Amino acid sequence: MDVLYIVMPAYNEEDNIERAVRQWNHVGKGNARLVIADSGSTDSTHEKLLKLKEEYPGLEILSDTGKQHGPKLMALYDNSIRHGADYIFQTDSD
C-alpha cells in the first residue's frame, strides 16, 4: 500500500501549530505520516509540538534542521524518502 508523508516546516508558529496538527492529523492515519520540522523557534512552538506528540504519538518532529526554510524542507524530504515515502505532500504550518 502506498505511503504518504505530509511534511510541514515550522518556525515561530505558536499561534497556529496546534490547529495545523489537529487539522492534518486526520489525514495522517493509516499509511500516512505527519512530519514537522521545527528548529530555532524562539516562541513556544516546539513545546507545543512536544505536548501534541503525547496526544498524537504518530506525529514526527524533526528538531535538528536549522531555522532556515530551505534546510528544513531538504531535511523533511530526505527523511520522507529514507523512510519509504511513495508520495510527499508539503504544506505550511500557518
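Basis of the calculations
- Residues numbered from 1 in each chain as written.
- Predicted model: local features only at pLDDT ≥ 70, side-chain atom pairs only at ≥ 80, totals over all residues.
- Heavy atoms only, no water.
- Buried < 20%, exposed > 50% of the residue type's maximum accessible area, 1.4 Å probe, protein only.
- Helix = DSSP H or I, 4+ residues; strand = E, 2+ residues; numbered from the N terminus.
- Arc of directions from axis to C-beta.
- Contact = heavy atoms within 4.5 Å.
- Core = buried A, V, L, I, M, F, W, Y, C linked by side-chain atoms within 4.5 Å.
- Pairing = 2+ DSSP bridges.
- Axes fitted to C-alpha atoms, helices over the stretch in contact; angles between N-to-C directions.

Q: Looking at this model, I keep getting lost on helix 1 (residues 17-25). Mind explaining?
A: In an α-helix, one turn spans 3.6 residues, which is why side chains three or four residues apart end up on the same side. Where helix 1 is concerned, the buried positions are Ile-17, Ala-20, Val-21 and Asn-25. Buried residues of helix 1, seen end-on, are gathered within an arc of 120° and therefore sit on one face of the element. Of the surrounding secondary structure, the elements contacted by the buried residues of helix 1 are strand 1 (4-10), strand 2 (32-38) and helix 2 (45-55).

Q: What should I look at first to understand the environment of Gln-23 in this one?
A: Relative to the helices and strands, Gln-23 is located in helix 1. Exposure remark for Gln-23: the relative accessible area of 46% places this residue in the partly exposed category. Along the sequence, Gln-23 and Gly-66 sit 43 residues apart, while their C-alpha atoms lie 25 Å from each other.

Q: Explanation requested: the nonpolar core in the structure shown.
A: Burial of nonpolar side chains together is a common tendency in soluble globular proteins. Of all hydrophobic cores here, the largest spans 13 residues; its most connected members are Ile-17, Val-21, Leu-34, Ile-36, Leu-49 and Leu-59. Elements that contribute at least two residues to this core include exactly strand 1, helix 1, strand 2 and helix 2.

Q: Explanation requested: the sheet that holds strand 1 in the structure shown.
A: Strands in a sheet are paired, the pairing made by backbone hydrogen bonds, and the direction either parallel or antiparallel. Strand order in the open sheet made by the four strands is 3-2-1-4, with parallel pairing throughout. Strands with a single pairing partner mark the edges of an open sheet, and in this sheet they are strand 3 (60-62) and strand 4 (87-90). In this sheet, adjacent strand axes meet at a mean angle of 25° when their direction is disregarded. Both strand 1 and strand 4 contribute to a ladder of four bridges, which runs parallel. By the bridge assignment for strand 4, Leu-4 is matched with Tyr-87. Here helix 3 (residues 69-82) sits on the sheet and contacts strand 1, strand 2, strand 3 and strand 4; the angle it forms with strand 1, its principal contact strand, is near 160°.

All we've got here are geometric facts, nothing functional implied.
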